[in-house]
There are 2 protein chains.
Amino acid sequence: MKEFWSARIRDMVPYVPGEQPRGKKLIKLNTNENPYPPSRAVLEALRQAADGDLRLYPDPESTSLRQALAAFHDLRPEQVFVGNGSDEVLALCFQAFFTPGRPVVFPDITYSFYPVYCALYGQDYREIPLDGDFTLPVEKFLGGNGGVVLANPNAPTGRAVSLQDIRALLEGNPEVVVLVDEAYVDFGAASAAELVGQYPNLVVTRTMSKSRSLAGLRVGYALADGNLIAALNCVKNSFNSYPLDRLAQAGAEASVRDRAWFEDTVAKVIHTREWTADRLERMGFQVCDSSANFLFVRYPGVAGRTLMDGLRQRGILVRWWDRPRIADWLRISIGTDADMEALCAALAELTGTAAN
Amino acid sequence: MKEFWSARIRDMVPYVPGEQPRGKKLIKLNTNENPYPPSRAVLEALRQAADGDLRLYPDPESTSLRQALAAFHDLRPEQVFVGNGSDEVLALCFQAFFTPGRPVVFPDITYSFYPVYCALYGQDYREIPLDGDFTLPVEKFLGGNGGVVLANPNAPTGRAVSLQDIRALLEGNPEVVVLVDEAYVDFGAASAAELVGQYPNLVVTRTMSKSRSLAGLRVGYALADGNLIAALNCVKNSFNSYPLDRLAQAGAEASVRDRAWFEDTVAKVIHTREWTADRLERMGFQVCDSSANFLFVRYPGVAGRTLMDGLRQRGILVRWWDRPRIADWLRISIGTDADMEALCAALAELTGTAAN
């Protein structure tokens, strides 16, 4: 029964995040978390911020954090918006930049939260099929839409597009906003952040959950022309004036300032991804080119669900979707080297191949 | 210019929170913060939670925190919903329970975020005037509406209604949701939390920002029948799966478990409120009966703005609204005894009266 539910929400089908098992010893390669702990400077900043000032509201503008992010990206603070994870930032973007009756477009295979946001705000949308190898048919995204949403690199495939393609999308859609979701960009794709000053219709979103090992702190942000950031602030200030608590602001800022930790950690994840991809290919897996902290793979002749279930029995969680075109595929987050050795051994067992 | 802004938001007028001065030595009585630091158990729990597990997503269901809140309120965990401050929880309630074309009603003088939420979701509303002394004309809220929203105690007046009145509202509006915003209830009003099991159309919202001294941590919650909580989860999971970070969940739970700190702190604030109200009345102020951690006062013959400006010149911030019916009034948060002594002295100067 849905008595008392608003007409707005009766037909909504919420997003389902990957499983978060509690209190179990599992190798968790299902939600693209970073296998390494965050910077020590972050933990120290958090402990420092756990003081009596928690009685006071946080800075509603997250001024100091936005200044640090602006410096990191060579932008101005008024070109930066922060929120409670990039999921919140994305939701506010859908509300702020797209208009009912003018369908927004995104690929048929991409982050499955996008159609959920559309349902949340009554926003029309149209899914445009990726090519057979999951590459983006850029020409099909040029014009005739109410906005473009693109994950770069894409999830769950890991495939990236070039900045040249992003420029083509921006110039081919000058009347509408092009939203580039860069949740995974630090692991090897070219960021459109450097284009923010050049295109008034570009929004880039980012998260600290992946490359900065802060999924547990819930900090995301957007980079865009000041006019678009003002729109996000208009929505934010009509929803929740204080999206980031004092600790999240302090911890996120410490993370942005620790470049050495960031570069070192990203390099480790990329190194592990590369040898894992090689190994799986040698075992007979088809592996999508990945610029992210996960691999999208399939083994010819074995159903994705069979592999997922077999891995689960061996204590390894990966992500699988019961959806057209990708039901044979698994998305596997990059863990530590030891995690990936265990993964390769388990997959060798399941496919009857040698693991090296 | 609002190029690229959604048609949804072009006419929005965001909420304006009270000023959060940074780096200044002021007596801050403008945003109803608690003058006392949070429980030491909270700070300890936060420091403990600042560890390597921040690389992992938080529990999207905040299970442990919801269990603690359920125990505190003698309810079941499925009757509890938590969010990123009660502002977020309220926003999700407006989206989940009210429907365009069926106007929701609330008093003309109340929390000024309510009409902003309505604009955010295209929700019709009707403001019903409070009586001249700011009491609630309960009979005008019985039926003929798409929902009722009531702050109890009310802000900015501090006036509370009885549980008998709440029951009348619930029984007079059996087809729609009655939302009771109890942000300030711990300072002396009767909570409707105990009615949750009896009325399927009741939602009670709470915040940890005031009575628990955790404005800086951003934790709010709702108590309601499981069916209504399911509606909130539907919206939440279509917006942001992980509204509370790991630290906020840990700190909030520690707060709920420290009953001694809670009772002691609330008692101190109430004691300070009572002597301050007495003192101001003896000085000639009109003081609304307050069940909250603030006082709503005016001085006959002196404009509210004049008093606010005079206090500001003396380093004391209070809240004033340039709005019909309340432009002569100030809302003054309850600080420490020393803060309130300073306030009384400054007001005595400004009104030419004796401060004791």
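Here the structure is shown first, and the text comes after it.
Procedures and definitions
- Residues numbered from 1 in each chain as written.
- Chains lettered and ligands numbered in written order.
- Predicted model: local features only at pLDDT ≥ 70, side-chain atom pairs only at ≥ 80, totals over all residues.
- Heavy atoms only, no water.
- Helix = DSSP H or I, 4+ residues; strand = E, 2+ residues; numbered from the N terminus.
- Expected span 1.5 Å × (residues − 1).
- Buried < 20%, exposed > 50% of the residue type's maximum accessible area, 1.4 Å probe, protein only.
- Least-squares fit on C-alpha atoms with pLDDT ≥ 70 in both.
- Contact = heavy atoms within 4.5 Å.
- Salt bridge = Lys/Arg side-chain N within 4 Å of Asp/Glu carboxyl O.
- Polar contact = N/O pair within 3.5 Å; in protein donor to acceptor, adjacent residues only side chain to side chain.
- Nonpolar A, V, L, I, M, F, W, Y, C, P; charged D, E, K, R; others polar.
- Pairing = 2+ DSSP bridges.
- Right-handed = clockwise from strand over helix to strand, strands pointing away.

1. Structural notes on helix α3 (residues 86-97) of chain B
Residue and element names in this part refer to chain B.
Then comes step 1: Along its 12 residues, α3 runs 16 Å from first to last C-alpha, staying within 8% of the 16 Å computed at 1.5 Å per residue.
Then comes step 2: For α3, the buried fraction is high: 12 of the 12 residues fall into the buried class.
Then comes step 3: Among the residues of α3, S86, D87, E88, V89, L90, A91, L92, C93, F94, Q95, A96 and F97 are the ones counted as buried.

2. With respect to the relation of the copies chain B and chain A
Then comes step 1: Of the transformation placing chain B onto chain A, the axial shift is 0.0 Å and the rotation is 180°, giving an RMSD of 0.0 Å. Here the symmetry operator amounts to a two-fold rotation axis. The position closest to the rotation axis in chain B is occupied by the C-alpha of R47 of chain B, lying 2.5 Å away.
Then comes step 2: A share of 100% of the interface residues of chain B reappears at the interface of chain A, consistent with the copies meeting face to face through the same patch.

3. Remarks on the interface of chain B and chain A
Then comes step 1: Residue-level contacts link 88 residues of chain B with 88 residues of chain A.
Then comes step 2: Remark: the boundary between chain B and chain A carries zero salt bridges.
Then comes step 3: Linking chain B with chain A are 50 residue pairs in polar contact (both at pLDDT 80 or more), by the criterion used here.
Then comes step 4: Broken down by secondary-structure element, the contributors of at least two residues to the side of chain B that touches chain A are α1 (40-49), α3, α4 (114-121), α6 (226-236) and α7 (246-257) of chain B.
Then comes step 5: The element best represented in the side of chain B that touches chain A is α3 of chain B, accounting for eight residues.
Then comes step 6: Taken together, the residues that form the side of chain B that touches chain A break down as 51 nonpolar, 21 polar and 16 charged.

4. A closer look at the pairing of strand β4 (residues 125-128) of chain B
All names here are of chain B.
Then comes step 1: Where strand β3 (residues 104-107) meets β4, four bridges bridge the pair, whose relative direction is parallel. When the bridges of β4 are listed, F106 appears paired with E127.
Then comes step 2: You can see the chain leave β3, run along α4 and come back into β4, and the turn it takes is right-handed.

5. What about the sheet that holds strand β9 (residues 286-287) of chain B?
Residue and element names in this part refer to chain B.
Then comes step 1: Here three strands make up an open sheet; going across it, the order is β9-β10-β12 and the pairing antiparallel. The two strands at the open ends of the sheet, each matched to only one other strand, are β9 and β12 (330-333).
Then comes step 2: Pairing analysis gives two bridges linking β9 to strand β10 (residues 294-298), with the strands arranged antiparallel. Bridge pairing in β10 places V287 opposite V297.

Everything listed is a geometric property; what it means functionally is a separate question.
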